[in-house]
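This is what each chain is made of:
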Amino acid sequence: MKNQIYPALWLNSNAKEAAKFYCSVFDNSEITTESSQAVLFKASGQKFLCINGGPEFIPNPSISFFVVYENKNELDEAWKKLIDGGTVLMPLSEYDWSPRYGWLQDKFSISWQMSLDKMENVGQKFSPTFLFTGMQNGNAENAMNFYTSIFSNSSVTGIFRYTGDGDDIKGNVAHAQFTLNETVFMAMDSSHQHNFGFNEGISLVVECQTQEEIDYYWEKLSAVPEAEQCGWLKDKYGVSWQIIPAALTDMMSNPERAGNVADAFLKMKKLNIRQLEEAYNK
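Bear in mind that the values here come from a model prediction, so they are computed numbers and not experimental data. (Residues numbered from 1 in each chain as written. Predicted model: local features only at pLDDT ≥ 70, side-chain atom pairs only at ≥ 80, totals over all residues. Heavy atoms only, no water.)

Describe the nonpolar core, listing the residues and the values that go with them.
Of all hydrophobic cores here, the largest spans 60 residues; its most connected members are Tyr22, Trp112, Phe130, Tyr147 and Trp241. Every residue in contact with Phe130, bar those within four places of it in the chain, is listed here: Ser62, Ile63, Tyr147, Phe178, Phe185, Met186, Ala187, Met188, Phe198, Leu204 and Val239. Core analysis: the next-biggest nonpolar cluster, separate from the first, contains 25 residues, Tyr6, Val205, Ile244 and Ala279 among them. (Core = buried A, V, L, I, M, F, W, Y, C linked by side-chain atoms within 4.5 Å. Buried < 20%, exposed > 50% of the residue type's maximum accessible area, 1.4 Å probe, protein only. Contact = heavy atoms within 4.5 Å.)

Explain helix 7 (residues 258-265) to me, and be specific about the residues and the numbers.
For helix 7, the set of buried residues is Ala258, Val261, Ala262, Ala264 and Phe265. Here the buried residues of helix 7 occupy an arc of 160 degrees about the axis, which is enough to place them on one side. For helix 7, the secondary structure elements touched by its buried residues are helix 6 (248-252) and helix 8 (273-280). (Helix = DSSP H or I, 4+ residues; strand = E, 2+ residues; numbered from the N terminus. Arc of directions from axis to C-beta.)

I'd like a description of the sheet that holds strand 13 (residues 202-208), backed by residues and values.
The strand order across the open sheet formed by 7 strands is 2-3-4-1-13-15-14, and the pairing between neighbours is mixed. Two strands bound the open sheet, and with one partner strand each, they are strand 2 (29-34) and strand 14 (232-234). With direction set aside, neighbouring strand axes in the sheet form an average angle of 30 degrees. (Pairing = 2+ DSSP bridges. Axes fitted to C-alpha atoms, helices over the stretch in contact; angles between N-to-C directions.)

Would you mind going over the packing of aromatic side chains in detail, with residue names and values included?
All told, the structure shown has 33 aromatic pairs when counted by the stated rule. Here the aromatic rings of Phe21 and Tyr22 are separated by 5.4 Å at their centres, their planes lie at 55 degrees, and the arrangement is tilted. Classification of Phe21 by relative accessible area gives buried; the value is 14%. With a centroid separation of 4.9 Å and an interplanar angle of 85 degrees, the aromatic rings of Phe26 and Phe126 are classed as edge-to-face. Remark: Phe126 occurs in strand 9 (residues 126-132) and Phe26 occurs in the loop between helix 1 (15-25) and strand 2; sequence separation between them is 100 residues. When sorted by exposure, Phe26 lands in the same class as Phe126, which is buried. Pairwise contacts between aromatic rings join Phe130, Phe132, Phe146, Tyr147, Phe151, Phe178, Phe185, Phe198, Tyr216, Tyr217, Tyr237 and Trp241 into one cluster. A cation over a ring is seen here: Lys107 above Phe21, with NZ or CZ 4.4 Å from the ring centre. Taking the ring centre of Phe146 as reference, the NZ or CZ of Lys236 above it sits at 4.2 Å. (Phe/Tyr/Trp six-rings, centres within 6.5 Å; stacked < 30°, edge-to-face > 60°. Lys NZ or Arg CZ within 6 Å of the ring centre and 35° of its normal.)

Could you give an account of the pattern of salt bridges, naming the residues involved and the relevant values?
Enumeration over the complete set of coordinates arrives at 8 salt bridges. Among the salt bridges present, the one from Arg161 reaches Glu141, with a minimum N-O distance of 2.9 Å. Taken together, the positions of Arg161 in strand 10 (residues 155-161) and Glu141 in helix 4 (residues 140-150) put the pair 20 residues apart, joining distant regions of the chain. On the basis of relative accessibility, which here comes to 33%, the residue Arg161 falls in the partly exposed class. (Salt bridge = Lys/Arg side-chain N within 4 Å of Asp/Glu carboxyl O.)

So this is what it looks like as C-alpha cells:
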C-alpha cells in the first residue's frame, strides 16, 4: 500500500492565515484546496493541512519540522520571517552537526528546525520530527520499528545514539532518520525536563484508497479507544493520526455538499467510505 502521509496542523480558527503565512516563508509553495474546515497547501511538493480547530489543542515541539537549506541566505531569510512573534528554542548558530542550525516555535506554535545541509543527505525539504519526552523518553527506537512494521516501503535508515558523556542517557536516540512509504521522518529522545508531549496539535494524515486500507491502519495504530473520533486515533506512544479516504479533501472542498459529508463523519469514529459517498451524493 502506497498511502500518502502528511502533517495536519491544529490552529485556532486561523487556518487560512497560517497557510498564507507559510506560503510566504517557503519557496515553491501554494494553497491547493480550502474549505471552511481546513486549508491544504504544498511547499516544495510536500503537503501540509491547516485545520480550523479552536483553542482546545496547541501544537508543541514534540513534533517539529526539520527543514533543509542549501543556501545560507535563504535559511536566514526564512528564520527571520518565522521568528517574528515566535520563540527561539535553540539559537541560529554553528553546531557540531551543522554549520548553521536553529530551532524555533513560530507565532502559530508550530516548531521548525532549520539546518544548512545537502538535500541529498535527507532526501526531502521538510521532515516531521518526533521528540520523545517524559514517560515516552527512550521509546524513539521502539516507535520507529513499530511504524516501519506497519507501512510498506519503510525502513530505519540511521541512528545516532547518546554516548552518556553528559549529553543524555547512554544508548538513547540522539537523532535518527526513518522512512514511511518513502517519506522521511526523524526521531529523538530527550530526558531533559519538558513541559510538553505528543498531542492532537499536530497529527499525521494517512490517505487511503479503500475501506480495507482504512481498516488496516486503524487496527494497527489505534491504542486509545476514547481518542477515536471522526477518523482520528491515538497510537500507543500518544501520537495522533487521521486515517481518511483520499477523496475526502475533494468532498469537503465542495461548498454545496461539504455540510452533508461533515454531518456524516462527525457521527463516526473510524471513517466509512461508502457512507461518506452516500452523504456526498444526497
